[in-house]
Amino acid sequence: MDYDYIVVGAGTAGCLLANRLSADAAKRVLLIEAGGRDNYHWIHIPVGYLYCIGNPRTDWMFQTEPDPGLNGRRLRYPRGKVLGGCSSINGMIYMRGQSRDYEAWAQATGDEDWRWERVLPYFRQHENHWRLDEDVPPEWAASDDFRALHASGGEWRVEKQRLRWDILDAFARAAVEAGIPATDDFNRGSNEGVGYFEVNQHAGWRWNAAKAFLRPTCTRRPNFELWTQAQVRRLVFEHADGRPRCSGAEVLTAQGLQTARLKPGGELLLAAGAIGSPQLLQLSGIGPAALLQAHGITPLQDLAGVGANLQDHLQMLLTYRLEGTHTLNQRYNAPFGRVGIALEYALLRRGPMAMGPSPLGIFLRSDQDRDRANLAFTVLPFSRVAPGMKSNFHPFPAITMSVYACRPTSRGTVRLKNADVTAAPELRFNYLSTPDDRELAIESIRITRRIMGRKALAPYRPVEIRPGPQVRDDDDDALLEAFRTHATTIFHPVGTARMGSVHDGNAVVDARLRVIGLDGLRVIDASVMPTITSGNTNAPTMMIAEKGAAMVLDDAKVTRPALAIAS
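These figures come from a predicted structure and were not determined experimentally.

*Asks:* Got a sec to walk through the pairing of strand 19 (residues 398-405)? Specific residues and values, please.
*Replies:* Strand 19 sits mainly inside the fold: eight of its eight residues count as buried. Across the two faces of strand 19 the burial is the same, with Ala-398, Thr-400, Ser-402 and Tyr-404 and Ile-399, Met-401, Val-403 and Ala-405 all buried. Sheet topology note: the strand 16 (residues 314-321)/strand 19 ladder contains seven bridges and is antiparallel. By the bridge assignment, Tyr-320 is partnered in strand 19 with Ile-399. Here strand 18 (residues 375-380) runs beside strand 19; their pairing, made up of six bridges, is antiparallel. Among the inter-strand pairings, Phe-377 is bridged to a residue of strand 19, identified as Val-403.

*Asks:* Now, about the pattern of salt bridges: what can you tell me, with residues and values included?
*Replies:* Taken as a whole and assessed by the stated rule, the structure comprises 40 salt bridges. Linking Arg-233 and Glu-250 is a salt bridge whose minimum nitrogen-to-oxygen distance equals 2.5 Å. A residue pair is termed long-range when its members are at least 10 positions apart, and Arg-233 in strand 11 (residues 231-238) and Glu-250 in strand 12 (residues 245-253) qualify at 17 residues. Here Arg-233 falls in the partly exposed class, since its relative accessible area comes to 35%. For Glu-250, a relative accessible area of 11% translates into the label buried. Residues Arg-514 and Asp-510 are paired through a salt bridge, measuring 2.9 Å at the closest nitrogen-oxygen approach. Taking relative accessible area as the criterion, Arg-514 reaches 34% and is therefore assigned partly exposed. When salt bridges that share partners are traced, they join Glu-267, Asp-510, Arg-512, Arg-514, Arg-522 and Asp-555 into one network.

*Asks:* Now, about the environment of Gly-242: what can you tell me, with residues and values included?
*Replies:* For Gly-242, the location among the structural elements is in the loop between strand 11 and strand 12. Judged by its relative accessible area of 60%, Gly-242 falls in the exposed class. Along the chain, Gly-242 and Pro-78 lie 164 residues apart, while their C-alpha atoms are 40 Å from each other.

*Asks:* Residue-level account of the environment of Asp-475, with values.
*Replies:* Mapping Asp-475 onto the fold places it in the loop between strand 22 (463-466) and helix 14 (476-486). Residue Asp-475 is classed as partly exposed on the basis of its relative accessible area, which comes to 26%. Taking the C-alpha atoms as reference points, Asp-475 and Ala-172, separated by 303 residues in sequence, lie 28 Å from one another. A polar contact is formed between the side chain of Asp-475 and the backbone nitrogen of Ala-478, at a distance of 3.1 Å.

*Asks:* Could you give me a rundown of the packing of helix 13 (residues 435-452) against helix 14, with the residues and numbers involved?
*Replies:* Interhelical geometry of helix 13 versus helix 14 gives an angle of 95° and a closest axis separation of 9 Å. With respect to helix 14, the element helix 13 is oriented roughly perpendicular. Between helix 13 and helix 14, the contacting residues are Arg-438, Ala-441, Ile-442, Ser-444, Ile-445, Arg-446 and Arg-449 on the first element and Asp-476, Leu-479, Leu-480, Phe-483 and Arg-484 on the second. Of the residues assigned to the contact of helix 13 with helix 14, the class counts are six nonpolar, one polar and five charged.

*Asks:* Go over helix 4 (residues 99-109), please, and point to the residues and values.
*Replies:* When we look at burial in helix 4, the residues that qualify are Ser-99, Asp-101, Tyr-102, Trp-105, Ala-106 and Thr-109. Along the axis of helix 4, the buried residues cluster in a sector spanning 155°; they form a single face. Immediately beyond the C-terminal end of helix 4, within one or two residues, lies Gly-110, with a positive phi of roughly 70°.

*Asks:* Would you mind going over empty space enclosed by the protein in detail, with residue names and values included?
*Replies:* Counted according to the given criterion, the structure contains two cavities of 30 Å³ or more. Considered as a void within the structure, the largest cavity measures approximately 170 Å³ in volume. Together, 19 residues line the largest cavity, and Leu-314, Ala-405, Pro-408, Leu-432 and Asp-437 are the ones closest to its centre. Where the lining of the largest cavity is concerned, the elements lending two or more residues are strand 19 and helix 13. Sort the elements by how many residues they give to the lining of the largest cavity and helix 13 lands first, with four residues. Within the lining of the largest cavity, the residues separate by chemical class into 13 nonpolar, four polar and two charged. Forming the walls of the second largest cavity are Tyr-94, Thr-183, Asp-184, Asp-185, Phe-186, Asn-187, Gly-195, Tyr-196, Phe-197 and Glu-198. For the lining of the second largest cavity, the class distribution of residues is four nonpolar, three polar and three charged.

Calculation criteria
Residues numbered from 1 in each chain as written. Predicted model: local features only at pLDDT ≥ 70, side-chain atom pairs only at ≥ 80, totals over all residues. Heavy atoms only, no water. Buried < 20%, exposed > 50% of the residue type's maximum accessible area, 1.4 Å probe, protein only. Helix = DSSP H or I, 4+ residues; strand = E, 2+ residues; numbered from the N terminus. Pairing = 2+ DSSP bridges. Salt bridge = Lys/Arg side-chain N within 4 Å of Asp/Glu carboxyl O. Polar contact = N/O pair within 3.5 Å; in protein donor to acceptor, adjacent residues only side chain to side chain. Axes fitted to C-alpha atoms, helices over the stretch in contact; angles between N-to-C directions. Parallel < 35°, antiparallel > 145°, perpendicular 65-115°, else oblique. Contact = heavy atoms within 4.5 Å. Nonpolar A, V, L, I, M, F, W, Y, C, P; charged D, E, K, R; others polar. Arc of directions from axis to C-beta. 1 Å grid on protein atoms, 1.4 Å probe; cavity = no way out; pocket = protein on both sides within 12 Å on 5 of 7 lines; lining within 4 Å. Points joined across faces, edges and corners; volume = space filled by probe spheres on them.

Structure (structure tokens):
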């Protein structure tokens, strides 16, 4: 069977693309996913990310290369390998970023259609916001300004969190004392402020892209086909008119090697993510020619930017012991504590099991000379004995502060290690490799400590236990060393197939997400971001898919008459 559209990767972007493109019953759409179906129960329970990350059933199990910026440490780097992709294993935070992020994209591409006011309709197109429900409490009734920014009726559910902690409320008050405004909406174009994050859940269950866009809509369409446990080995090209055109993909399946073929004029849409997409491009002969030749791959298109421009958010975790309050530490460690937590979720769909890793957020300016927020904090109502999600909780009440730079300037690479598609690529993030990132890392610890010293938190007598008071505020070297020792990733890779002008030697796709120099091939996922957004990257990736689908459909309308005349 030949297809009008082949989508590679059934993650956040791929599920939405398959939904939009298969709405035309005359078009056959194939969605290919290397992982399995999302029928693992821990995917759907919000706290289940603890059991999905580091689990080969749902995770690609990547690791970074030893990083000089982290004192040579390697980091585990989860990516979703299951229907829904990273939306099945992430922290569920709904965060668009800042309007200025998209102004930068418009400048990088030379295309005004990537400006904030022009991408906003694509965020709204699939949004189903809880504050626009018919039965919303009066105190949360949406204003006209809110309605202009948000929408209801779409597939992507955005809800208020189903929990609260006294210590988080106190922390929010402390942030206000520090001059940070309270906010009930981080998604209005300026996310500066302090407030509880909104999450992608529905009635206490995780809401992933497979639920939103595949079931039941796509699965009921006779023109839609889904392959799972199917890994694309390479993309296939033909050269009928001299210019290479993608004609399909070779796919490793349980039945052996198969070829998924495109109809004449069809398109393959690569949505395998900021690690998977550049890897597949390189395996298919698209990327830096010298790298490809070193692995015995004949270059098809020499594009230096494939796998370059890798960006991520690097977080520092600070831990504070408290008095006179309760955190998840006590609830978890108490006799029958875990039983009570499980019963609360089973009966009410509330409590710690309905919680993502980061309930409360703060976005602020590191100094008043900044024109917008450049530091982000998330506050966790628990702490662990050692870094890592599988470590035991401390036996005393404590919180963890995570702080990261919104727009880091360090850049890394995704490169093949060999020509085997089943081998993980080399991930080099080069964290803290620029003076700006190092200076902000140092200042972020000082700012965290200033907030922790505010009056609203005084009754809890916070004592820093990581990195600890021995790391003095007046010692830049010690502060940077603490950051290098304790920092870890928030898993927001972007930028490895960035969009830009066709005259930009480092761009991989143009402003309409078409791979430069090739026909029939686009990249539509987080890898096309020229620069990282100021916050979590799942919602921007979904917007890219929504906008990308519209581009594909619009271009098909333009080209169809020309193809008919030519035939």
